[in-house]
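Structural characterization, general
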Amino acid sequence: MNESRLLFHFSIPATPVAKGRARSSAGIAANGKAFARHYTPAATRNFEALVKDFARQAMKGGDPLACPVDLLVEFRFRVPDSWPKRKADLAATGTLHHTKKPDCSNLVKAIEDACNGVLFRDDGQVVGMVVDKVWTTGAECIVVHGFRRAGAACQASRQEATCDLVGFDPHTRIDHLPLGRRLRTLDLAPWLPTPLVL
């Protein structure tokens, strides 16, 4: 792990919860006019509060980050006890993938929204991510890593940008993505074009 670029790391011992869609309810005000009230489902609110607590602990009282951030998040779901041993073994080794609901985009949206104003000023600072949804025979949890993306934030002052760009190599986007389970196990060789020999 590239410790020099690691900004935060924490693990949440809980079942991953996807971001729920906002709900609406209609009512009639005392003056007789109709109104609509929009609210976030309780399960989403409770989960985001839990994530926020762990994010605060990871920041150790520090201010929210202002730099570009790469997120690496792994959602670990417990293999169901009802599965036969053969299927459970395939899931535990990463051969059988978690292709059921909840989907990755809604899972990571709950993490990003909960970390707004805690890990980073705004989730617009997340400029890249690797998200994995995997089975585990251990306890369910969410593992979150945040890395400093090389380069400068668009809101940076000239002085901050100058400091951020010292040693910056524009040809190297990031050097920590191989930490993701998916990228550690993915074999791209069959899909890469054959080099052209002249």
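Up top is the structure.
Here's a quick rundown of the structure. (Residues numbered from 1 in each chain as written. Predicted model: local features only at pLDDT ≥ 70, side-chain atom pairs only at ≥ 80, totals over all residues. Heavy atoms only, no water.)

Let's talk about unusual backbone geometry
Cis peptide bonds are those with omega within 30 degrees of zero, and the linkage from K101 to P102 qualifies with 0 degrees. For P102, the position within the fold is in the loop between helix 2 (85-92) and helix 3 (104-115). Its identity is not glycine, yet K60 carries a phi of approximately 50 degrees, on the positive side. Looking at the secondary structure, you find K60 in the loop between helix 1 (42-59) and strand 4 (69-78). (Helix = DSSP H or I, 4+ residues; strand = E, 2+ residues; numbered from the N terminus.)

Re the packing of aromatic side chains
Here the structure, examined in full by the defined rule, presents two aromatic pairs. Between F8 and F10 the ring centres are 6.4 Å apart and the planes differ by 35 degrees, which places this aromatic pair in the tilted class. Both residues of the pair, F8 and F10, belong to the buried class. Seen in terms of ring centroids, W83 and W135 are 4.8 Å apart; in terms of plane orientation they differ by 65 degrees. Their pairing is edge-to-face. Here W83 is found in the loop between strand 4 and helix 2, whereas its partner W135 is found in strand 5 (residues 126-136), with 52 residues between them in sequence. In this structure, K87 packs its charged tip against the face of W83, placed 4.3 Å from the ring centre. (Phe/Tyr/Trp six-rings, centres within 6.5 Å; stacked < 30°, edge-to-face > 60°. Buried < 20%, exposed > 50% of the residue type's maximum accessible area, 1.4 Å probe, protein only. Lys NZ or Arg CZ within 6 Å of the ring centre and 35° of its normal.)

Brief notes about the pattern of salt bridges
Tallying each qualifying case throughout the model produces eight salt bridges. We note a salt bridge from R76 to E74, for which the minimum N-O separation is 2.5 Å. On the basis of relative accessibility, which here comes to 26%, the residue R76 falls in the partly exposed class. Of the charged contacts, one joins D123 and K109 as a salt bridge, the two residues approaching to 3.3 Å between their closest N and O atoms. (Salt bridge = Lys/Arg side-chain N within 4 Å of Asp/Glu carboxyl O.)

Structural notes on helix 3
Its 12 residues give helix 3 an end-to-end C-alpha distance of 17 Å, which sits within 8% of 16 Å, the value for a rise of 1.5 Å per residue. Residues L107, V108, A110, I111, E112, D113, A114 and C115 constitute the buried set of helix 3. Looking at the buried positions of helix 3, the neighbouring elements they touch are strand 1 (6-12), helix 1, strand 4, strand 5 and strand 6 (141-148). Two residues or fewer past helix 3, G117 is found with a positive phi of approximately 80 degrees. (Expected span 1.5 Å × (residues − 1). Contact = heavy atoms within 4.5 Å.)

Some remarks on the side chain of E74
Along the chain, the position of E74 falls in strand 4. A distance of 2.5 Å separates polar atoms of two side chains, one belonging to E74 and the other to R76. (Polar contact = N/O pair within 3.5 Å; in protein donor to acceptor, adjacent residues only side chain to side chain.)

Some details on the environment of D132
Along the polypeptide, D132 turns up in strand 5. A relative accessible area of 8% places D132 in the buried class. Residues D132 and V73 lie 59 residues apart in sequence; the distance between their C-alpha atoms is 6.4 Å.

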